[in-house]
Amino acid sequence: MDPHDIHVQDIHVARSGYVELTKINDGHDGNLCVLEQHRDVPFEVKRIYYINNLENCVSIRGKHAHHELEQVIFCINGSFVLKLDDGETQQEILMYRDHVGVVLGRLLWHEMHSFSTGCVLLIAASDYYDESDYIRSYDDFLQCARDH
Ligand code: T46
């Protein structure tokens, strides 16, 4: 892959950006991708979770923002569409490169949809799970983003 491919779809929303992991191609023996805290992601990684078994291509996940949590989201198999909204600008990013993640900064509304068969998402997060950090109302999110 052309290393400049990462710039094909620029990210316009605030509090986001790409993270490109080292990818070691072992030919017929597959690939090995490495994520190191502070080196690859701009925060201490306290939690990793993955989402798989997405049976329905019309499924929608996300639809929230976080007050404080910072994350990087990867699509390590298949593809999906990541919709980002910073309160002023929205954009959709096709996620299909296993070693290229997208930063989900604080106060960034995100939705995931159009999952391919066999799609697997992997997320590195800056903190432990805390439901009180979620903003699940879009109106509340807009208010928080305006006050930011
Ligand atoms: C996010 C996007 C990218 C836990 O108990 N512990 C956890 O660490 C997580 C991530 C979730 N949960 C529970 C909370 C819900 O009862 O699992 C259930 C499903 O979570 P949710 O509906 O929030 O899943 P998504 O895919 O909409 O969102 C997830 C993360 O929750 C969220 O932080 O940014 O992935």
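Residues numbered from 1 in each chain as written. Predicted model: local features only at pLDDT ≥ 70, side-chain atom pairs only at ≥ 80, totals over all residues. Heavy atoms only, no water.

Judged by pairing direction, the sheet is antiparallel, and its 5 strands sit side by side in the order E8-E7-E10-E5-E12 without closing on themselves. Both edges of this open sheet fall to strand E8 (90–95) and strand E12 (134–135), since each of them pairs with a single strand only. Looking at chain direction, strand E7 (residues 80–85) and E8 are connected through 6 bridges and run antiparallel. Within E8, the position partnered with Leu-82 by the bridge is Ile-93. (Pairing = 2+ DSSP bridges. Helix = DSSP H or I, 4+ residues; strand = E, 2+ residues; numbered from the N terminus.)

With that settled, consider the pattern of salt bridges. Summed over all chains, the structure comprises 6 salt bridges. Put simply, Lys-46 and Asp-127 hold a salt bridge, and the shortest N to O gap is 3.8 Å. With Lys-46 in the loop between strand E3 (31–34) and strand E4 (47–51) and Asp-127 in the loop between strand E11 (120–125) and E12, this residue pair connects regions lying 81 residues apart in the sequence. Overall, the relative accessible area of 33% leaves Asp-127 in the partly exposed class. Glu-68 is the salt-bridge partner of Arg-106, the closest N and O atoms lying 3.4 Å from each other. Of this pair, Arg-106 sits in the loop between strand E9 (100–104) and strand E10 (109–113) while Glu-68 sits in the loop between strand E5 (60–66) and strand E6 (71–77), and the two are 38 residues apart along the sequence. Judged by relative accessible area, Glu-68 falls into the exposed class, the value being 51%. (Salt bridge = Lys/Arg side-chain N within 4 Å of Asp/Glu carboxyl O. Buried < 20%, exposed > 50% of the residue type's maximum accessible area, 1.4 Å probe, protein only.)

Attention now goes to the site of the ligand. Around the ligand sit 13 residues, and of these Arg-47, Arg-61, Gln-71, His-110 and Tyr-134 come closest. A distance of 2.7 Å separates an oxygen atom of the ligand from a polar atom in the backbone of Gly-62. The side chain of Gln-71 places a nitrogen or oxygen atom 2.7 Å from an oxygen atom of the ligand. Against a free-state accessible area of 640 Å², the protein chains account for coverage of 68% of the ligand. Elements with a contribution of two residues or more to the shell around the ligand: E4, E5 and E10. Of all the elements, E5 adds the most residues to the shell around the ligand, at 4 residues. The class makeup of the residues in the shell around the ligand is 5 nonpolar, 5 polar and 3 charged. (Near = heavy atom within 4 Å. Polar contact = N/O pair within 3.5 Å; in protein donor to acceptor, adjacent residues only side chain to side chain. Areas by Shrake-Rupley, 256 points an atom, 1.4 Å probe, with all protein chains shown as cover. Nonpolar A, V, L, I, M, F, W, Y, C, P; charged D, E, K, R; others polar.)

Okay, the sheet that holds E4 next. Spatial ordering of the open sheet is given by E1-E9-E6-E11-E4, a layout of 5 strands whose pairing is antiparallel. Two strands bound the open sheet, and with one partner strand each, they are strand E1 (18–20) and E4. Pairs of neighbouring strands in the sheet enclose a mean axial angle of 25 degrees, with direction left out of account. For E4 and E11, the ladder comprises 5 bridges, and the chain directions are antiparallel. When the bridges of E11 are listed, Arg-47 appears paired with Ala-125. (Axes fitted to C-alpha atoms, helices over the stretch in contact; angles between N-to-C directions.)

Here we take up the side chain of His-110. Relative to the helices and strands, His-110 is located in strand E10. Among the polar contacts made by the side chain of His-110, one reaches the main-chain carbonyl oxygen of Leu-108 at a distance of 3.0 Å.

With that settled, the discussion passes to the packing of aromatic side chains. Applying the stated rule across the entire model yields 5 aromatic pairs. Note on Trp-109 and Tyr-138: the rings are 5.1 Å apart at their centroids and 80 degrees apart in plane angle, and the pair reads as edge-to-face. Separated by 29 residues along the polypeptide, Trp-109 in strand E10 and Tyr-138 in helix H1 (residues 138–147) bring together distant segments of the chain. On the basis of relative accessible area, Tyr-138 is assigned to the partly exposed category, the value being 32%. (Phe/Tyr/Trp six-rings, centres within 6.5 Å; stacked < 30°, edge-to-face > 60°.)

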